[in-house]
Amino acid sequence: MTLSGTMEGMTLTTFALIRHGQTDWNAQRRLQGSSDIPLNDVGRGQARDAVGVLSGQGWDAIVSSPLSRAAETADLIAAGLGLTVARHVPELTERSFGPAEGLQAGPELEALRIPGGFRGAESDDEAACRGLAALEALAEEFSGRRVLVVAHGTLLRLTLSRAIGSTLESIDNAVLNLAHHHAVDGWQLEYFNGERVVEAAHS
């Protein structure tokens, strides 16, 4: 069966969940968190390239995190699709890493690590709950429609992991993650990092 519009007669809402394009801090492997780091030229190219994957799929709305790297990615994708960004959703902001933001892997970062995250930062659990609540609010608002969401790697990874009950790996910049929300059956993940996954193959 096709996972669009309805499933077993019930409303199904489809989400394309896109991590923003690359930033200089991504390239340097620094934790960004809620720091507002802009896209670099590679990231802008990635956003434009994403249009080809997303075109022709009948998106009803585009929303994004308010952080500039996500907002600009959303604007570039929207322009390529002939759409406009509906709004910026504060709850889609990247997980805050607190004093760990800007750090690369090494002793300084490890000194801040605690179970479930970093000292002075939003925990894995807090970020997952916030992200999932934001997506479920959008699923209610755009019930039965197709929504393109541009947000952040850690927030999307934790949120999707919570949604499907399985731990996912890191999310690549500006690639397709496709998930479906069903009011009764919950979440199914159809594509992750541009690849079809097994979980959403059943009906």
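Residues numbered from 1 in each chain as written. Predicted model: local features only at pLDDT ≥ 70, side-chain atom pairs only at ≥ 80, totals over all residues. Heavy atoms only, no water.

Where an unreviewed UniProt entry is consulted, the chain appears under the name Phosphoglycerate mutase family protein, with the organism given as Arthrobacter globiformis.

S.K.: Mind showing me how you'd approach unusual backbone geometry here?
M.R.: Backbone phi values are negative for most residues with the exception of glycine, while trans is the configuration of most peptide bonds. One non-glycine residue, Arg-29, lies in positive phi territory at about 55°. Residue class for Arg-29 comes out exposed when judged on its relative accessible area of 72%. Positioned with a positive phi, Asn-193 is a non-glycine residue whose angle comes to about 50°. Relative to the helices and strands, Asn-193 resides in the loop between strand E9 (186-192) and strand E10 (195-196). (Buried < 20%, exposed > 50% of the residue type's maximum accessible area, 1.4 Å probe, protein only. Helix = DSSP H or I, 4+ residues; strand = E, 2+ residues; numbered from the N terminus.)

S.K.: Can you walk me through the environment of Arg-146 in this structure?
M.R.: Position of Arg-146 among the secondary structure elements: in strand E7 (residues 146-151). Residue classification places Arg-146 among the buried residues on the basis of a relative accessible area of 18%.

S.K.: What is the right way to read the UniProt feature "binding site: substrate" (unreviewed entry) in the chain from this model?
M.R.: UniProt marks Arg-19, His-20, Gly-21, Gln-22, Thr-23, Asp-24, Trp-25, Asn-26 and Arg-69 with the feature "binding site: substrate" (unreviewed entry), using the numbering shown here. Its location among the elements puts Arg-19 in strand E2 (residues 10-19). Once you skip the residues sitting within four places of it in the chain, Arg-19 turns out to touch Asn-26, Ala-151, His-152, Gly-153, Leu-156, Ile-171, Asp-172, Asn-173 and Ala-174. Engagement of the side chain of Arg-19 in a polar contact is seen with the backbone oxygen of Ile-171, the distance being 2.7 Å. The residue Asp-24 is located in helix H1 (residues 24-27) in this model. Judged by its relative accessible area of 43%, Asp-24 is partly exposed. Ignoring any residue separated from it by four or fewer positions in sequence, one finds Asp-24 in contact with Pro-38 and Asn-40. (UniProt positions renumbered as here; feature names shortened; annotations may be inferred. Contact = heavy atoms within 4.5 Å. Polar contact = N/O pair within 3.5 Å; in protein donor to acceptor, adjacent residues only side chain to side chain.)

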